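Single-letter residue listing:
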Amino acid sequence: MEQRKNIFPKKHVKIDLWLVAILVLAAFLYGWNIWEAGSANSFYTSAIISMSESWKNFWYASFDPAGFITVDKPPVALWFMVIFVKIFGLHGWSIVISSVLFSLGSVFLIYKMVKPYFGALAARIAALLMTLTPIVVADARTNNMDATLVFFLLLACYVLQKAVSKHNIWLVGLAFALVGVSFNVKMLQAFMILPAMYVFYWIASKENWKRILWGSVVGTIALIVFTLSWPLAVDSVSKQNRPYIGSSSTNSVLNLAFGYNGTQRLLGQTTGTGGTFTGMGNSKKGTKTKAPNTKKLTNSNKQNKAGGKAPGMTKGTGKTGNNAGGGNSIFNVGTAGVTRLFQTALGQQISWYLPLALVGLIIAYLTAYDTKKKWWQLNRRQEQLIYWAGWLVPVAGFFSVASFFHPYYTIMLAPPIAVLAAVGISSFIESLNTVPSKKNYWLRGIMGVGIITNGALQAFFVWEYSVIAGIVVAVISVIMSIFIIFNYSKVKLFTAVGLLGLLWLPAFWSLTPTISAESAAIPTSGPSLLSGNGQSAGSIGDSSANTKLISYLKKHNGSKVKYLFATTDSNTAAPYIIKTKKAVMTIGGYNGTDNAITLKQFKKLVKKGEIKYFYISSHTNNNAIVRWVKKHGKKISASNYGGNSSSTTPSGMSKKGSRGPQQSAKGGPGGKKNMAKFQGKKPKKMGKMVKNKKNKKSNTAGKMSGGMGQQQSSVLYELD
């Protein structure tokens, strides 16, 4: 009897256990302790709460429940966060879980993109390096948009790879459409990879130029449609029927995209009314500057007297590049120029494998080069190398010269750095058996120089914390490089040891956000987190809400009142929205400088009874509305609503993650015991890494309770 053939043959799926182990490691680093995330970035947490209350707020990314003003970013990343909050409720972990999952997805996509062209070894190393990039860990643990952005960009690049291999024009359209989606995650930052995508499509497609041109047209149309669909939909709505677009100067999403989130990032931040973040200058010399208005990035007077050099400051000068705030500061991005990514301000977050990536690009390209072909006749590996280099170069160039960005934005560099370093190592190992001995000698020399250079850079990064750690990594790098160059018989072993020698320090840095339960508005990594000071860098908007003030307002606000109170900036309002789920009007948006409402409009709302109280905080600008409030409002005695405050953390959210002033008084995790470490005492735990040989004074960055400034007197006014 003839045996029937199975028309649905079983497809054997091989599971790479190394990849599984790497993903488990990533899940631990990204997800452990997220249940203590608190309100994370409370600016966006307020929006998540507001967006979860109505479809209108959901669509516009409204900052407040009343839908008065939006946040300063598009809504796509926030949509995912809102979905998880709606499913699981409002918790510290539920507002950041989407970032954790997208970060895991990024590690997996890197593996999938590298393996078909460079093999399993390269894919595993790339996934591991991505996992152990410190700023990737820090970003994965917050409700900022960057982890989501990187995932969608990697997905776009992966789909384009498939489009080229399958000769599918519609997949080309999908790839560029995903970049359009990425634009609606974080606007123009997504477009930095477009040159790489266009170049790769043209050089890698094995079709005639007419079909390639048609594919480019399809991709560009998809890019335009998915980029502009949400902005044009919002801008086409009457301004009276939608929220004000926060941080824009003309109440327009396109203005926000090309202004505040566009050219101003490169040339220098200007606020909605023309103010400038002077701390984000593009000076050639490092200068210590101030943030706008009263939003200073310094410690309190008492802390400053005890304070000393913070991580990332220029040695011997007490300056922080061209920005104030010390190491781990929200404005500490180093001095603009070709060396910026190698300075401690940014380098300690992203550049641990950068020299190895640059050397890896050279080695991988040389080993892939076919002498039988013309130099312009590229093979698959060379095309892929150009793809990743096309991502690395424009992004690195931007961060080298840009005037306004935060250190955690550099997560954009993590994928190409991880991939190029990995393919360089794997290509070098492959070459030991395939490349002639004479050429192999040159490759061993290049690899040796790369390891030495990378080791020296890592030693520079850790020197201010631990001289011993710096010496150890430098010595390991030199010894392994010498063996690689001169001992041919065991080159693979020495290369492996050399790579491990370059992994332990960034691995430790990556572990610090996990151990310290870091989930901050300005995510960062480093030993300072273990001593408490690093957490202060993420306290924007994480100030405490005054419960007595809330009780007073609930008691005295009338039935017609729409807003709990009005104030100037989102950082003052956010804790109260999180605590009460009620609307708070921020007349000036995030920075307090937007022209979101005129005095005439404001007076009309007061007359209608929708606003009864105005809260003038320490961050308030003296604009027309504030002057009118001071002149016509009735000042309420502070004794009526008290001066003590409690955590903004709502029910179900851990207090530890919020890092408000109450924690700062205790010196962060560990309380006074850890604060003592910053006041001249050597740490006894967490190893010598936390120790800074030259740090005889405090190593704390500015504690920024209640936004970006020091807590000063605040005044409540009743409006008639």
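Criteria and cut-off values
Residues numbered from 1 in each chain as written. Predicted model: local features only at pLDDT ≥ 70, side-chain atom pairs only at ≥ 80, totals over all residues. Heavy atoms only, no water. Helix = DSSP H or I, 4+ residues; strand = E, 2+ residues; numbered from the N terminus. Buried < 20%, exposed > 50% of the residue type's maximum accessible area, 1.4 Å probe, protein only. Contact = heavy atoms within 4.5 Å. Areas by Shrake-Rupley, 256 points an atom, 1.4 Å probe, with all protein chains shown as cover. Phe/Tyr/Trp six-rings, centres within 6.5 Å; stacked < 30°, edge-to-face > 60°. Lys NZ or Arg CZ within 6 Å of the ring centre and 35° of its normal. Salt bridge = Lys/Arg side-chain N within 4 Å of Asp/Glu carboxyl O. Pairing = 2+ DSSP bridges. Core = buried A, V, L, I, M, F, W, Y, C linked by side-chain atoms within 4.5 Å. Axes fitted to C-alpha atoms, helices over the stretch in contact; angles between N-to-C directions. Left-handed = near helix turned anticlockwise from the far one by under 90°. Nonpolar A, V, L, I, M, F, W, Y, C, P; charged D, E, K, R; others polar. Patch = residues over 30% accessible without salt bridge, like charges linked within 9 Å, V, L, I, M, F, W, Y side chains within 5 Å. Lys, Arg positive; Asp, Glu negative; His and termini not counted. Charge placed at Lys NZ, Arg CZ, Asp CG, Glu CD.

Visitor: Can you walk me through the overall build of the protein in this structure?
Guide: Helices and strands together make up the secondary structure of the protein, namely 29 helices and 5 strands. The buried share of the protein, taken over its 720 residues, is 62%. By sequence separation, contacts in the protein at least 24 residues apart represent 74% of the contacts at least 6 residues apart. Counting every atom, the protein has about 28,700 Å² of accessible surface; 63% of that belongs to carbon and sulfur.

Visitor: Got a minute to help me understand the packing of aromatic side chains in this structure?
Guide: Each pair of aromatic rings is reported with the distance of its centres and the angle of its planes. One pass over the structure, following the stated rule, counts 39 aromatic pairs. Measuring from ring centre to ring centre gives 6.4 Å for Y387 and W388, while their planes differ by 40°; the resulting arrangement is tilted. Comparing Y387 with W388, the two get one shared label, buried. Among the aromatic residues, those joined into a ring-pair cluster are W352, F460, F461, Y465, F508 and W509. Over the aromatic face of Y409 sits the side chain of K186, whose NZ or CZ is 3.3 Å from the ring centroid. It is R265 that lies over the ring of Y260; its NZ or CZ is 4.9 Å from the centre.

Visitor: Explain the pattern of salt bridges here, please?
Guide: When charged atoms on two side chains of opposite charge get close, those side chains can pair. Tallied over the full model, the rule gives 8 salt bridges. A salt bridge links R124 to D16; its shortest N-O distance comes to 2.9 Å. Taken together, the residues span a long stretch of sequence, with R124 in helix α6 (residues 120-131) and D16 in the segment before α1 (17-31) at a distance of 108 residues. Looking at R124, the relative accessible area reads 26%, which means it is partly exposed. Owing to a relative accessible area of 11%, D16 belongs among the buried residues under this scheme. Linking E610 and K608 is a salt bridge whose minimum nitrogen-to-oxygen distance equals 3.3 Å. The buried category is assigned to E610, whose relative accessible area is 16%. When salt bridges with common partners are traced through the structure, they connect K206, R380 and E383 into a single cluster.

Visitor: Please clarify how unusual backbone geometry should be interpreted in this entry.
Guide: A negative phi holds for most residues other than glycine; trans holds for most peptide bonds. A positive phi angle, near 60°, is found at A61, a position not held by glycine. Among the structural elements, A61 can be located in the loop between α3 (55-60) and α4 (76-88). We classify A61 as buried; its relative accessible area is 0%. Positioned with a positive phi, A517 is a non-glycine residue whose angle comes to about 55°.

Visitor: Would you explain the side chain of T131 in this entry?
Guide: Topologically, T131 is positioned in helix α6. For T131, a relative accessible area of 0% corresponds to the buried category.

Visitor: Explanation requested: the pairing of strand β3 (residues 613-616) in the structure shown.
Guide: Two faces belong to every sheet, and in a regular strand the side chains alternate between them. Side-chain alternation along β3 places Y613 and Y615 on one buried face and F614 and I616 on a second face that is also buried. Alignment of β3 against strand β5 (residues 715-718), held across 4 bridges, turns out to be antiparallel. If you follow Y613 over to β5, its bridge partner there is E718.

Visitor: Looking at this structure, I do not really get the nonpolar core. What am I missing?
Guide: A general tendency of soluble globular proteins is for nonpolar side chains to be buried together. In terms of nonpolar packing, the biggest core is built from 200 residues, with Y30, L78, L160, M197, M585, F602 and F614 touching the most fellow members. Here this core takes 13 residues from helix α8 (residues 146-166), the largest share from any one element. Beyond its immediate sequence surroundings of up to four residues, F602 is in contact with A566, M585, I587, I597, I611, F614, I625, W628, V629 and L719.

Visitor: I keep staring at the environment of G334 and nothing clicks. Help me out?
Guide: Locating G334 in the fold gives a position in the loop between α13 (301-306) and α14 (344-350). Its relative accessible area of 3% is what places G334 among the buried residues. C-alpha of G334 to C-alpha of L346: the two residues are 12 residues apart in sequence and 6.9 Å apart in space.

Visitor: Looking at this model, I keep getting lost on the pairing of β5. Mind explaining?
Guide: The side-chain alternation of β5 yields two buried faces, one formed by V715 and Y717 and the other by L716 and E718. Summarising the sheet, strand β4 (residues 634-636) and β5 pair through 3 bridges and their orientation is antiparallel. Bridging from a neighbouring strand, I636 pairs with L716 of β5.

Visitor: Could you clarify how one ought to interpret the packing of α6 against helix α17 (residues 414-434) in this entry?
Guide: Any two packed helices are characterised by how steeply their axes cross, that is the angle between the axes, and by the distance between the axes. Packing of α6 against α17 leaves a shortest axis separation of 8 Å and a crossing angle of 145°. Crossing of α6 over α17 shows right-handed handedness. Seen from α6, the contacting residues are L121, A122, I125, A126, L129 and M130; seen from α17, they are A414, P415, A418, V419, A421, A422, V423, I425, S426 and I429. A per-class count over the contact of α6 with α17 returns 15 nonpolar, 1 polar and no charged.

Visitor: How do you make sense of a positive patch on the surface when you look at a structure like this?
Guide: Positive charge collects at one region of the surface, where K14, K112, K115, K162 and K166 lie side by side. Secondary-structure elements contributing two or more residues to the positive patch are α5 (97-118) and α8. Inspection of the secondary structure assignment puts K115 in helix α5. Residue class for K115 comes out partly exposed when judged on its relative accessible area of 38%.

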